[in-house]
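So the chains spell out like this:
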Amino acid sequence: MSDELTKAQAEEPEPEAPALDPLAVVTAERDEYLDLAQRVQADFENYRKRAAREQERLVAHAHERLVRELLPILDDLERALEAAERHEEAQLVEGVKLVEQSLRRALAKEGLAEIETEGAFDPHVHEALLTKPAGGAEPGSVLEVVQRGYRVGDRVVRPAKVIVAE
């Protein structure tokens, strides 16, 4: 009997799976990919905003650190001005020198370095204001520094303004 049952089941046609509409399949795939693309786009936008906030936080922290370094120099300058009001010229000169040294040290901590002006003119770090004949100097060499130049790391913050020998 079990043989007959198996034969009967084998002879019965299996119920047909409902025919899938190709348009419905493609539409479902499209919706799935669109949803995925929208989620990726939203994730990227959130990342971009988070990175911008982090960058702003780092810049604010750097500014705060620099201000903290400069506050003692401001105090020194105030003391020098108070000495100037009392007409103590020797103390005024000494106070201003101390302020300059303090400021140079604070800026050096931040990576500020003076641009060398000895030797030949370099257009990458020097700005020639004028040229003048120099008897003993080599043509193209720096004769005089009008304004010092500075760099932070490899970047020129301000080129040195110089007078160059003809």
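Residues numbered from 1 in each chain as written. Predicted model: local features only at pLDDT ≥ 70, side-chain atom pairs only at ≥ 80, totals over all residues. Heavy atoms only, no water.

With respect to topology, 3 strands assemble into an open sheet ordered S2-S6-S3, the strand pairing being mixed. A strand with exactly one partner marks an edge of an open sheet, and here the two such strands are strand S2 (126-132) and strand S3 (142-147). Adjacent strand axes in the sheet meet at a mean angle of 30°, parallel and antiparallel pairs treated alike. By the bridge criterion, 4 bridges tie S3 to strand S6 (residues 160-165) in an arrangement that is antiparallel. In the strand pairing of S6, Gln147 is matched with Lys161. (Pairing = 2+ DSSP bridges. Helix = DSSP H or I, 4+ residues; strand = E, 2+ residues; numbered from the N terminus. Axes fitted to C-alpha atoms, helices over the stretch in contact; angles between N-to-C directions.)

Right, let's get into the sheet that holds strand S1 (residues 112-114). One open sheet accounts for 3 strands, arranged S1-S4-S5; its pairing is antiparallel. Edge positions in the sheet fall to S1 and strand S5 (155-158), since each of these pairs with one other strand and no more. For this sheet the average axis-to-axis angle between neighbouring strands, irrespective of direction, equals 40°. One ladder, built from 3 bridges, connects strand S4 (residues 150-152) with S5; its direction is antiparallel. Following the sheet pairing, Val152 is matched in S5 by Arg155.

This part covers the packing of helix H2 (residues 22-85) against helix H3 (residues 89-109). At their nearest, the axes of H2 and H3 sit 8 Å apart, and the two run at 170° to each other. With respect to each other, H2 and H3 are oriented roughly antiparallel. Contacts between H2 and H3 involve Glu69, Leu70, Ile73, Asp76, Leu77, Ala80, Ala83 and Ala84 from the first element and Gln91, Leu92, Gly95, Val96, Val99, Ser102, Leu103, Ala106 and Lys109 from the second. Split into classes, the residues belonging to the contact of H2 with H3 amount to 11 nonpolar, 3 polar and 3 charged. (Parallel < 35°, antiparallel > 145°, perpendicular 65-115°, else oblique. Contact = heavy atoms within 4.5 Å. Nonpolar A, V, L, I, M, F, W, Y, C, P; charged D, E, K, R; others polar.)

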